[in-house]
Amino acid sequence: MGALFADKVRRTSADAGVGPETEPARLRAAKRVLQRGEPTDDAEANRLAVGLARSSPEVSVSPKFTVTVFVCGAVLQWSQVVVAVAVGHAGRTILFGVFAVFCTVLAATAYPLHKRGLRRSERISALLDQDEPVTPAAGDAGDRPHHH
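All chains use their own residue numbering, which begins from 1 and follows the written sequence. Restriction of local features to residues with pLDDT of at least 70 applies here, the model being predicted, together with a cutoff of 80 or more for giving and counting side-chain atom pairs; totals for whole chains, interfaces and linings are based on all residues. Side-chain metrics in this entry use all non-hydrogen atoms of the structure; hydrogen atoms and water are not considered.

(A) Main features of the overall build of the protein chain. Scanning the protein chain for helices and strands turns up seven helices and zero strands. Burial here depends on accessible area, computed with a 1.4 Å probe over protein chains only, as a share of the maximum for the residue type. Under 20% is buried, over 50% is exposed, and the range in between is partly exposed. A total of 148 residues make up the protein chain; the buried ones form 31% of that total. If you take every contact in the protein chain between residues at least 6 apart in sequence, the share linking residues at least 24 apart comes to 65%. Per-residue and other accessible areas follow the Shrake-Rupley method at a 1.4 Å probe size, with only the shown protein chains counted as cover for residues. Looking at the protein chain as shown, the accessible area adds up to about 9700 Å², and 64% of this sits on carbon and sulfur atoms. Where helices and strands are cited, they refer to DSSP runs of H or I of at least four residues and of E of at least two residues respectively, numbered from the N terminus. Throughout, a contact is declared for two residues whenever any of their heavy atoms are within 4.5 Å.

Quick look at the structure:
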């Protein structure tokens, strides 16, 4: 799982146009843009955010698949807790119990978090498709009614 996740992160970064020459501060700004779903004054950070949005796991992986993976992990861990209790290994019970709770929380929160991330990714991606530059003013223009 760790190797698959690392490969996905590497491919996502490459697909997003993030390379070794990307400034860490600009990449952090791009990630903040994506988390907030709002553009910033930095056009390069906005461009990176759009690349990240279009290649993010929310876009490329089904939310049902994500939940299924966490549910399977939770079931496996809870079954290990039962086995550890039956055998009488207190240390393993605690270890598997921690992982079981962790997987259960992830399974319960994965779908809404995935959908929220997808909405933010779609919003940032839509900003690039506009003819206007990707700036806060351009992002706000479509969200609020104009009062003259």
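(B) Layout of the nonpolar core. Counting 11 residues, the largest nonpolar core consists of Leu27, Ala30, Val33, Leu34, Leu48, Ala49, Val50, Leu52, Ala53, Ile124 and Leu127. If you list the elements that add at least two residues to this core, you get helix 2 (24–36), helix 3 (43–55) and helix 6 (90–129). The leading source of residues in this core is helix 3, at five residues. The nonpolar core is taken to be a set of buried Ala, Val, Leu, Ile, Met, Phe, Trp, Tyr and Cys residues, with the residues joined through side-chain atoms within 4.5 Å.

(C) Structural detail: helix 3. What a helix is expected to span follows from its residue count: subtract one and scale by 1.5 Å. Between its terminal C-alpha atoms helix 3 stretches 19 Å, which fits the 18 Å expected from 13 residues at 1.5 Å a residue. Among the residues making up helix 3, those that are buried are Ala45, Asn46, Leu48, Ala49, Val50, Gly51, Leu52, Ala53 and Ser55. Of the residues flanking the start of helix 3, the one acting as N-cap is Asp42, its side-chain oxygen 3.1 Å from the backbone nitrogen of Glu44. Any pair of N or O atoms that falls within 3.5 Å is considered a polar contact. Within protein, one atom must be able to donate a hydrogen and the other to accept it, and sequence-neighbouring residues count only if both atoms are side-chain atoms.

(D) Structural context of the confidence of the model for the protein chain. Confidence of the prediction at every residue is given by pLDDT, a number between 0 and 100. Confidence in the prediction for the protein chain averages 75 pLDDT; 69% of positions are at 70 or higher. The weakest mean pLDDT in the protein chain belongs to helix 7 (residues 136–141) at 44; the strongest belongs to helix 5 (residues 63–87) at 91. In this model residues 131–148 is a low-confidence stretch, pLDDT under 50, and it forms 21 contacts with partners more than four residues away in sequence or in other chains.

(E) Seen up close, helix 5. Helix length check: helix 5, at 25 residues, gives a terminal C-alpha distance of 36 Å against a target of 36 Å (1.5 Å per residue), a fit within 8%. Listed in full, the buried residues belonging to helix 5 are Pro63, Thr66, Val67, Gly73, Ala74, Gln77, Val81 and Ala84. The first or second residue beyond helix 5 is Gly88, which carries a positive phi of 90°.

(F) Spotlight on the packing of helix 2 against helix 3. Fitting a line to C-alpha atoms yields each axis, with helices limited to the stretch in contact; the angle taken between N-to-C directions then spans 0 to 180 degrees. Contact geometry of helix 2 with helix 3 gives a least axis separation of 8 Å together with a crossing angle of 60°. When the axis of helix 2 is compared with that of helix 3, the two are oblique. Read as a crossing pair, helix 2 and helix 3 show a hand that is right-handed. Facing Arg26, Leu27, Ala29, Ala30, Lys31, Val33 and Leu34 of helix 2, the residues of helix 3 in contact are Glu44, Ala45, Asn46, Leu48, Ala49, Leu52 and Ala53. Its residues assigned to classes, the contact of helix 2 with helix 3 comprises 10 nonpolar, one polar and three charged. Note on terminology: angles under 35 degrees are roughly parallel, angles over 145 are roughly antiparallel, angles of 65 to 115 are roughly perpendicular, and the others are oblique. Crossing chirality is assigned from the near helix's rotation relative to the far helix, an anticlockwise turn below a right angle marking it left-handed and a clockwise turn marking it right-handed. Here the nonpolar group is Ala, Val, Leu, Ile, Met, Phe, Trp, Tyr, Cys and Pro; Asp, Glu, Lys and Arg are the charged ones; every other residue, Gly included, is treated as polar.

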